[in-house]
Amino acid sequence: MKKRLATLAILGAMTVSAVAPMSVFAAESETEVKYITGAVTPGGGDAGYYVTIPSDIMFQDTATAVEQKLELKPVDTTKGLPYGLEVGVGVASAQGAVVSNGTYGSLKYEVDYTANEGGAKLAEGSTGDPTDVFVGTLKSKSTPSAGDQTLALTGQARLLQAAGVGTPKGTEFVDTLTYTITQN
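Conventions used here
- Residues numbered from 1 in each chain as written.
- Predicted model: local features only at pLDDT ≥ 70, side-chain atom pairs only at ≥ 80, totals over all residues.
- Heavy atoms only, no water.
- Core = buried A, V, L, I, M, F, W, Y, C linked by side-chain atoms within 4.5 Å.
- Buried < 20%, exposed > 50% of the residue type's maximum accessible area, 1.4 Å probe, protein only.
- Helix = DSSP H or I, 4+ residues; strand = E, 2+ residues; numbered from the N terminus.
- Contact = heavy atoms within 4.5 Å.
- Pairing = 2+ DSSP bridges.
- Salt bridge = Lys/Arg side-chain N within 4 Å of Asp/Glu carboxyl O.

Draft legend 1. Spotlight on the nonpolar core. With 27 residues, the main nonpolar core has Leu70 and Leu72 as its most contacted residues. Contributions of two or more residues to this core are made by β2 (49-52), β3 (65-74), β4 (86-93), β6 (105-112), β8 (133-139), β9 (152-159) and β10 (177-183). Among residues more than four places away in sequence, those in contact with Leu72 are Tyr49, Tyr50, Val51, Leu81, Leu85, Val87, Leu138, Lys139, Ser140 and Leu151.

Next up, the structure:
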């Protein structure tokens, strides 16, 4: 019986080694797959552009300020953006620029887009209406030779308060930002 099992094992190994070196020929084809976190295409999937929005903001004891960048980008980088494209961006906070935890209270923060072509600051008291805080306008060149474009708006999110004494490590304080993007 042992001899038969050994023979079957050798035959199995020979079969695998006989099949393994065979080559298969096929036509080559490339497919580009993209996943863009936080991207929004206000004009629909075939508009030729999208807007990247900031992903989660993670404040920590050692990181109380985080860059926030909005960018206007072409779907097809070989074609670029359509001329004269203008996209307005607004932001709203579900809790009025306050992160909260039911047990340990709340902390104030702000997202400031007033520098670098931006137009507003999301701060305490901002309503949940995205038109309340108009961040700014992203725009492509109006003509091929023009230099009048704003492809990015950069801001900074800052935590304005520290968690209270006695707050356990790992406690999460949460708020939700909603970016509204409209093609002008």
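Read on, since the account is not over.
Draft legend 2. Summary view of the pairing of β9. One ladder, built from 7 bridges, connects β3 with β9; its direction is antiparallel. Among the inter-strand pairings, Glu71 is bridged to a residue of β9, identified as Ala152. As paired strands, β6 and β9 are joined by 4 bridges and run antiparallel to one another. Of the residues in β9, the one forming a bridge with Tyr109 is Leu159.

Draft legend 3. View of the pattern of salt bridges. Using the criterion set out here, one finds 4 salt bridges in the structure. Across the pair Lys73 and Glu71 runs a salt bridge, and its minimum N-O distance is 3.8 Å. A relative accessible area of 29% places Lys73 in the partly exposed class. Taken together, the salt bridges that share partners define one network made up of Glu110, Asp112, Lys121 and Arg158.

Nothing here speaks to function; it is all geometry.
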